[in-house]
Every structure is written in structure tokens, then in C-alpha cells.
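The primary structure of each chain is shown beneath.
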Amino acid sequence: MKKIILFFVLAIGGFCMAQAASPNTKTKVKVVVDNDFCGDPDGLFQLVHQLLCTTCDIRGIVGGHLSANAGFTNRSDQATESCEKARKVLQLMGREGTIKVVPGAEKGMEAVNKPADSEGARLIVDEAKQCTQDKPLLVLCGASLTNIATAHLIDPSIDDKIVLIWIGGQEYTGVGSYPPPGYSRVEYNLNLCIPAAQVVFNQSRIRIWQVPRNAYRLCLYGLDEVATKVATHGKVGRYLYDSLMQTVGKCEDFGLRMGETYILGDSPLVLLSALQTGFEQDPSSSFYVNMSAPHINDDGSYAFNHEGRSIRVYYQLDQRLMFGDFEAKLLRMAP
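Residues numbered from 1 in each chain as written. Predicted model: local features only at pLDDT ≥ 70, side-chain atom pairs only at ≥ 80, totals over all residues. Heavy atoms only, no water.

- The name recorded for the protein in an unreviewed UniProt entry is Inosine/uridine-preferring nucleoside hydrolase domain-containing protein, from Segatella oulorum F0390.

Observations regarding the layout of surface pockets
Consideration 1: Estimates place the volume of the largest pocket at around 1200 Å³.
Consideration 2: Residue lining of the largest pocket: 35 residues in total, with Asp-40, Phe-72, Tyr-188, Arg-217 and Ile-263 positioned closest to the centre.
Consideration 3: Of all the secondary-structure elements, those providing two or more residues to the lining of the largest pocket are helix H6 (188-192), helix H8 (213-216), helix H10 (234-253) and strand E8 (261-263).
Consideration 4: Its residues assigned to classes, the lining of the largest pocket comprises 16 nonpolar, 10 polar and nine charged.
Consideration 5: Considered as a void within the structure, the second largest pocket measures approximately 770 Å³ in volume.
Consideration 6: In terms of lining residues, the second largest pocket is bounded by 32 residues, among which Val-29, Asp-134, Lys-135, Pro-136 and Gln-281 are the most central.
Consideration 7: Across the lining of the second largest pocket, the residue classes break down as 11 nonpolar, 12 polar and nine charged. (1 Å grid on protein atoms, 1.4 Å probe; cavity = no way out; pocket = protein on both sides within 12 Å on 5 of 7 lines; lining within 4 Å. Points joined across faces, edges and corners; volume = space filled by probe spheres on them. Helix = DSSP H or I, 4+ residues; strand = E, 2+ residues; numbered from the N terminus. Nonpolar A, V, L, I, M, F, W, Y, C, P; charged D, E, K, R; others polar.)

A few points about the pattern of salt bridges
Consideration 1: Tallying each qualifying case throughout the model produces 14 salt bridges.
Consideration 2: The residue Asp-155 makes a salt bridge to Lys-129 at a minimum N-O spacing of 3.6 Å. Here Asp-155 is found in the loop between helix H5 (146-154) and strand E5 (162-167), whereas its partner Lys-129 is found in helix H4 (residues 119-129), with 26 residues between them in sequence.
Consideration 3: Across the salt bridge formed by Arg-213 and Glu-171, the nearest N and O atoms sit 2.8 Å from each other. (Salt bridge = Lys/Arg side-chain N within 4 Å of Asp/Glu carboxyl O.)

Right under this line is the structure:
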């Protein structure tokens, strides 16, 4: 009798643990991941972490473009290359064919009235139509805003059904730290397609959670940590390590002194979408300010817009939770 009772206790406990580790599909948030995986490997780190999270229903992965003279790749079909790298990650994680992977535009928009149509933009439109204002689609973008801007131009009615979490844009005066030494006046991701940023900020009604340069530069991760906490955990961990070290080598060939760390600047996409508190649901351990969306000028600079809708601008991120959760999930995944 005692053995029977013990069996049921263990069975119920195991069931409860499984339920806790894998939330009901009704409580999962729907997301589309849009990133330039052919470029900076921080997008690959973000994708692996996102795939390991149980609270996100990833509806699709969109491969993004870089600029024509990007140093990360010599290919012109960059969105296609991004898809190939995303599929490689899925294959290494044993998830090949489980999530739709489609290319976005191969280059940025030429003007605010010229959408760069693509499978990726159409995917965003289709998924957003199935969501509501109260249960929106989270579009997690770590690169150019080309695909989300095009989605808006295709069907503006989706705007109130989307929350865009975007890694990009330069600093705001009085919010967070000052620009870094030798900074570019227009931040890298914004500069990939200024007309797209103008569409999203100046024309659309899309809700924006922005992680500008001063915030994503907080996400420093030690190269020794990558070697000991990432590379040692499974095939995908080794793939991440090799991709990062290859990039570090290229940067040093260009004369950059990379030192002992790397900015995993796309990881806040996971932090803000998946690692939220269940009580008064929100990414409560990271700090932001609400401010009027700036007007994006033709040169990529900000202009104050007193009629701009309210957007979130993050300036402090919970790196302890973000990186600690990533390391723990890798440890659980690996043999």
C-alpha cells in the first residue's frame, strides 16, 4: 500500500513539475523573431535562448538583411543566409522543421512609401491578424525595421495588435548614459534602413519597447564565460562559441581591440518577452521610461515630437536574470 501511495505522489509531483516547466498553450505569448542572423552572432545567442523558453509560442522566424558593405558576410542574399543560420540552430537543437523560417527583404526600403515586400513581412501580417490588442503579437527585432515597417504598409490595421521590441536607436538626452567614445551619430540598426524607422516611429501606431544603444551595450558577456558556460553544453553551445570567436577574430583583423568581452546586445529580446513576472505581468526587473516617440529625420536623427505616442525606452536591464537563465537552460538541455 505504501508503495502505491508513493507511486501516486511521485507521479503527481512529476506531472506538476512538467506543467510548471511547460505552460499551457493558452498562457503562452505569441512571438515572431526578426533578426539578421547572418551578421553579429548575438542574434544566434538570442535565438537559442528564445527557443529554450517555454512561455513563448514562436510563430515564425524571419531572416533579416544587413547593409550592402557589411563586414560580417560577403553574400548579397543576406536574408536567405540568415534563414540558413536559423535553420542550422534548429537542426542542432533537434527542432528542425518545427518552426516556420522565412526570409525578409534582402535590402532596406528606399523610401517611406516603398515597402520591401517579402515572405517575412507577410508572415508578420498574417500572425498579427490572429492576435488582439489585449493579447498582441510580440515582434522581436534585433536588426533593421524593414520587415515590420513593410508589414504596416501592407496592412495598417495590424498596428494595435503588435508590440514591437526593438534593439536599436541612439541614446536619448537625459535617459541612461552618454554615447560611447567614437560613436556613430546614427545607431547601427537604425541606420540599416532609416525609411523603415521613419515609417514605424513617424507613421504607424505600433506599440514600441525600445532598447537603444546605451541599454544594449550593458549586455557584456565574458569570452571565458562563453568558453566555460556555453561551448561545453551541447552541439548548439559549441556552434555559438565558434561563431562568436570567428567574429572576434575578424574584428581583430580589422584592427579592433576586442578584449575579454562581447556585447550580446540582442539578448534583451528574450528578457523582455519571456522572462516576465506572472504577477501584474511585465518584465518588472528592468527599468524604462515612457516618453513621446521621437520624429525620425531623413538623416536618422531624433526630433522632439509633442504629438508622438507614448513608447517605452529601456535604460537598465536585468543582466543577472537574462544571462543566468540562459546558462541554466543550456545546462538542462545538454546531455
